[in-house]
Amino acid sequence: MNRHLAPAQDGGAEQPSAQVAKEALQRSLAGEHAAIWAYSTALAFLPPDLAGRARAELEAHRTLRREVSEALTELGERPVSAQPAYTPPQPVVDELSASALLVTAETDTAAAWRSLVERAPSREMRQAGLTRMIESTVRCAFWRGATEQSPAIPVFPGRG
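These numbers were taken from a predicted model, which means no experiment stands behind them. The residue count restarts for each chain, going from 1 along the sequence in the order it is written. With the structure being a predicted model, the display of local features is reserved for residues of pLDDT at least 70 and the display and counting of side-chain atom pairs for 80 or more, all residues being used for whole-chain, interface and lining totals. With hydrogens and water excluded, all non-hydrogen atoms of the structure serve as input to the side-chain values.

Novice: A description of the nonpolar core should follow, citing residues and the corresponding values.
Specialist: With 19 residues, the main nonpolar core has Y39, L46, A54, L102 and W143 as its most contacted residues. Residue assignment for this core shows that the elements contributing at least two residues are α1 (16-42), α2 (48-74), α3 (95-119) and α4 (123-146). Throughout, a contact is declared for two residues whenever any of their heavy atoms are within 4.5 Å. If we skip the residues at most four places from it in the chain, L102 touches A38, Y39, A42, L46 and W143. Residues A24, L72, A110 and W113 belong to the second largest nonpolar core, which totals 14 residues. Among buried residues, the Ala, Val, Leu, Ile, Met, Phe, Trp, Tyr and Cys ones that are joined through side-chain atoms within 4.5 Å form a nonpolar core. The classification of residues rests on relative accessible area computed with a 1.4 Å probe and restricted to protein chains. Under 20% of the type maximum is buried, over 50% is exposed, and intermediate values are partly exposed. Per the convention used, a helix needs a DSSP run of H or I reaching at least four residues, while a strand needs a run of E reaching at least two, with both numbered from the N terminus.

Okay, here's the thing in structure tokens:
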């Protein structure tokens, strides 16, 4: 397990903050599931130069999903399952709409990781969440650039 993602435990009784952190981890996992779906969907519409980057980012999300699932399992929690499908904010029909879907996916994952930063009971866990929030923000900035959205980096990353 990624020890940075594990809430601090204090003896036998679980602290309320540990349960809140587990719930935030579940939200982060749900965000990773959705991001994987979004990248898998977008790949069908992206040109080769963007598809290569999208594949690398898809793998990054798969790695995060695996790490969070393992952390939750080791904490005795059943990881939330992926949904069978997700509804994109707009139909994905071309390169621009596929890139816009990835902006949404990265915005959502940054928000989920921000939630962990705000709720984590330990400094290590907050740092792990912050690192992942920054990674999502960097990916979001790339896709915002691909859709010519300004500013490239949202003013408050991870905020709705």
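Novice: Could you give an account of α2, with specific residues and numbers?
Specialist: Expected helix span is taken as 1.5 Å per residue step, with the number of steps being one fewer than the number of residues. Taking 1.5 Å per residue as the helical rise, α2 with its 27 residues ought to reach 39 Å, and the 39 Å between its terminal C-alpha atoms agrees with that figure. Every buried residue of α2 is listed here: L50, A51, A54, E57, L58, H61, L64, V68, S69, A71 and L72. Remark: G76 follows α2 within two positions and exhibits a positive phi of approximately 85 degrees.

Novice: Go over the packing of α2 against α4, please, and point to the residues and values.
Specialist: To define axes, lines are fitted to C-alpha atoms, for helices over the stretch in contact only, and angles between the resulting N-to-C directions are given on a 0 to 180 degree scale. Following both chains from N to C, one finds α2 and α4 inclined at 160 degrees, their axes separated by 12 Å at the closest point. Put simply, α2 runs roughly antiparallel to α4. Two packed elements cross with a definite hand, and for α2 against α4 that hand is left-handed. Across from L50, R53, A54, E57, A60, H61, L64 and E67 in α2, the residues of α4 making contact are R132, R139, F142 and W143. Partitioned by chemical class, the residues of the contact of α2 with α4 number six nonpolar, one polar and five charged. Roughly parallel refers to an angle under 35 degrees, roughly antiparallel to one over 145, roughly perpendicular to one between 65 and 115, and oblique to any angle outside these ranges. Handedness of a crossing follows from how the near helix is turned relative to the far one, being left-handed for an anticlockwise turn of less than a right angle and right-handed for a clockwise one. Residue type decides the class: Asp, Glu, Lys and Arg count as charged, Ala, Val, Leu, Ile, Met, Phe, Trp, Tyr, Cys and Pro as nonpolar, and the leftover types, Gly among them, as polar.

By themselves these figures say nothing about function.
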